[in-house]
Amino acid sequence: RPFHVEPTNIVSVNDDTQRVTDEASAMNKRIHYYSRLTTPADRALIAPDHVLPAPDEIYVYSPLGTAFKVDSCTDGYGKNSSMVTIFMIWNTMMGTSILSIPWGIKQAGFTSGIILILLMGILTLYCCYRVVKSRKMIPLIDTSNWEFPDVCKYYFGSFGQWSSLLFSMVSLVGAMVVYWVLMSNFLFNTGKFIYNFVHDINVTDIVPGTNGSNKVICPSAASGHPPQNRSVMFSSGNNTGFGLFEEWWNKSQTVPFYLIAVLLPLLNLKSPSFFAKFNVLGTVSVVYLVFLVTVKAARLGIHLEYDWFTENDFFVPEFRVLFPQLTGVLTLAFFIHNCVITLLQNNRNQENNVRDLSIAYFLVGLTYLYVGVIIFASFPSPPLSKECIEQNFLDNFPSDDIMSFVARIFLLFQMMTVYPLLGYLARVQLLRQFFGNAYPSIFHVFILNVAIVGAGVAMARFYPNIGGIIRYSGATCGLAFVFVYPSLIYVISLHRAGQLTWPALIIHIFIILLGLANLIAQFLL
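A quick note: this is a predicted structure, and the numbers were derived from the prediction, not measured. (Residues numbered from 1 in each chain as written. Predicted model: local features only at pLDDT ≥ 70, side-chain atom pairs only at ≥ 80, totals over all residues. Heavy atoms only, no water.)

## Focus: the overall build of the protein
Phase 1 of the analysis: A count of helical and extended segments in the protein gives 15 helices and five strands.
Phase 2 of the analysis: Taking all 525 residues of the protein together, the buried fraction comes to 57%. (Helix = DSSP H or I, 4+ residues; strand = E, 2+ residues; numbered from the N terminus. Buried < 20%, exposed > 50% of the residue type's maximum accessible area, 1.4 Å probe, protein only.)

Given below as structure tokens:
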């Protein structure tokens, strides 16, 4: 599951004795917790024996977000300010889902899409509150080093332990599959741009699009499947070479396999902590995407027409029955429930946890709203239909678009550094659970990695639809960690304390039913 590692400050013996005791106790608990995730020989998650890192180093890992280090963010005792805590939560939640938000709004309808983003943000925030409170509602047990899956094990026994592992693996493997599809996409478009530039080739895609310098295309117009290499060469010194490149540089048939040579060896490393140094690119990528969206909207203008139920050639209704596809994406977009306890327990002022979590959710929702609404509103309709908005909105810009090329480069490199970290988390959770060792042998690790990579390649080859993958995995893991477990644990805690009321019971049963309906709807629409 996602986690962060926070080395603790060393206090001199001349300081307050109680403070020394508290700091030492906190450090021992953290080291004990993280040592359960790895083998004694693997020092990726625990403090080295010979040196303690500086107290201002914090690493945060997220399935669909980033892995990053925040410098100079703690006080003298290993605690974070509210501003740093808010930023960490925002950065952890901001992931690949942002690329599919405009598509989700198109599926739901513009007005209903905005409403759903607000409602899902509020609902998932409330369930996040329940997760934060769940550990504190357990009496007579020291739960200071517990995560939410530990709470699930306490209430539901081995079923809670194994089911939380299952749903956590769904989120991790789902993230890795989405990453593989996106890396194949970005690598294909990047390679195509570089080849055409180096060989001075002018090509045009055989897909509908706008004219002028701010070109927008509709890749899915020619068929119901994602576009491949449909292009026509206008000028080139070597027609044969261009045709050969088109044959061997194919988005779904060849490029996904090329990534194996780079990423499979990296997955087999015992410790991928080296890659965490590069993952500040995750934050840079999100900021650049917001900048790209702003510039594109300023150049394209606003193209909106309001009609609640009637669909025409260029616009979609304000309400559509496909809206559960957006709720599935949003479940994962707002998903932080299995690591929020860790992120908040190091907040300097614990009484501000609810406020800081609310502000972080507000900023996440605002970012999703801004990107989704701006892309949808500025999409040039006419001449193109709003139905042309792709599951990855960068696909609506041609491969020779400079700003999109830079965005793809940022995202490609960032994902290639996060991917080994996600594989490491999957390995730690699964192999340690079955074999008691995160690295039982190179054979075990290799077989697991081949299975994970194989799933990514298969999806990139036969189902390269990131919106679909995100909504399925989001609705599945969200059913457990967002809707069912927080609600059930809260109801059970109230019942044991003799404080359960009918309104509370009805509300939380309704939340569970919403999560179940959200999952079922993904397979019906």
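Don't stop here, the text continues.
## A word on helix H7 (residues 255–267)
Phase 1 of the analysis: For H7, which comprises 13 residues, the first-to-last C-alpha distance of 19 Å matches the rise-based estimate of 18 Å (1.5 Å per residue) to within 8%.
Phase 2 of the analysis: At Ala-261, H7 shows its largest bend, some 40°, and a proline, Pro-265, comes one to four positions later.
Phase 3 of the analysis: Burial in H7 covers these residues: Val-255, Pro-256, Leu-259, Leu-263, Leu-264 and Leu-267.
Phase 4 of the analysis: Turning to H7, the residues buried within the fold contact helix H5 (148–198), helix H12 (402–435) and helix H13 (442–462). (Expected span 1.5 Å × (residues − 1). Bend = angle between axes of the 7 residues up to and from the residue. Contact = heavy atoms within 4.5 Å.)

## Quick word on the nonpolar core
Phase 1 of the analysis: In this structure, Phe-393, Leu-394 and Tyr-419 are the most contacted members of the largest nonpolar core, which totals 122 residues.
Phase 2 of the analysis: Broken down by element, the residue count for this core peaks at 18 residues, all from H5.
Phase 3 of the analysis: Other than its neighbours up to four places away in sequence, Tyr-419 contacts Met-176, Tyr-179, Trp-180, Met-183, Leu-263, Leu-267, Ile-452 and Val-453.
Phase 4 of the analysis: Of all hydrophobic cores here, the second largest spans seven residues; its members include Phe-188, Tyr-195, Ile-201 and Val-255. (Core = buried A, V, L, I, M, F, W, Y, C linked by side-chain atoms within 4.5 Å.)

## So, the side chain of Asn-250
Phase 1 of the analysis: Position of Asn-250 relative to the elements: it lies in the loop between helix H6 (239–248) and H7.
Phase 2 of the analysis: Engagement of the side chain of Asn-250 in a polar contact is seen with the backbone nitrogen of Ser-252, the distance being 3.1 Å. (Polar contact = N/O pair within 3.5 Å; in protein donor to acceptor, adjacent residues only side chain to side chain.)

## Focus: the pattern of salt bridges
Phase 1 of the analysis: Summed over all chains, the structure comprises four salt bridges.
Phase 2 of the analysis: Notably, a salt bridge pairs Glu-387 with Lys-106, separated by 3.7 Å at the nearest N-O pair. Note that Glu-387 is positioned in the loop between helix H11 (353–378) and H12 and Lys-106 in helix H3 (residues 101–108), a separation of 281 residues in sequence.
Phase 3 of the analysis: On the accessibility criterion, Glu-387 (29% relative accessible area) is partly exposed.
Phase 4 of the analysis: For the salt bridge of Arg-320 with Glu-387, the shortest nitrogen-to-oxygen distance reads 2.7 Å. Of the two residues, Arg-320 sits in the loop between helix H8 (281–300) and helix H9 (324–333) while Glu-387 sits in the loop between H11 and H12, which places them 67 residues apart along the sequence.
Phase 5 of the analysis: Since its relative accessible area comes to 12%, Arg-320 is described here as buried.
Phase 6 of the analysis: Taken together, the shared-partner salt bridges connect Lys-106, Arg-320 and Glu-387 into one network. (Salt bridge = Lys/Arg side-chain N within 4 Å of Asp/Glu carboxyl O.)

## Remarks on the environment of Leu-264
Phase 1 of the analysis: Following the sequence through the fold, Leu-264 ends up in helix H7.
Phase 2 of the analysis: In this structure the C-alpha to C-alpha distance between Leu-264 and Gly-423, which are 159 residues apart in sequence, comes to 9.9 Å.
Phase 3 of the analysis: Those residues in contact with Leu-264 that lie beyond four places of it in its chain are Phe-446, Asn-449, Val-450 and Val-453.

## A look at the packing of aromatic side chains
Phase 1 of the analysis: With the rule as written, the count across this model stands at 23 aromatic pairs.
Phase 2 of the analysis: With a centroid separation of 5.1 Å and 10° between ring planes, the pair formed by Phe-110 and Phe-376 is classed as stacked. Placement of Phe-110 in helix H4 (residues 110–134) and of Phe-376 in helix H11 is noted, with a sequence separation of 266 residues between them. For the pair Phe-110 and Phe-376, a shared accessibility class is recorded, and that class is buried.
Phase 3 of the analysis: Here a set of aromatic residues connected by ring pairs shows up, and it is made of Trp-146, Phe-148, Tyr-154, Tyr-155, Phe-156, Phe-335, Phe-481 and Tyr-485.
Phase 4 of the analysis: Above the ring of Tyr-439, the side-chain terminus of Lys-270 is found at 5.1 Å from the ring centroid.
Phase 5 of the analysis: A cation sits over an aromatic face here: Arg-471 above Tyr-472, 4.5 Å from the ring centre. (Phe/Tyr/Trp six-rings, centres within 6.5 Å; stacked < 30°, edge-to-face > 60°. Lys NZ or Arg CZ within 6 Å of the ring centre and 35° of its normal.)

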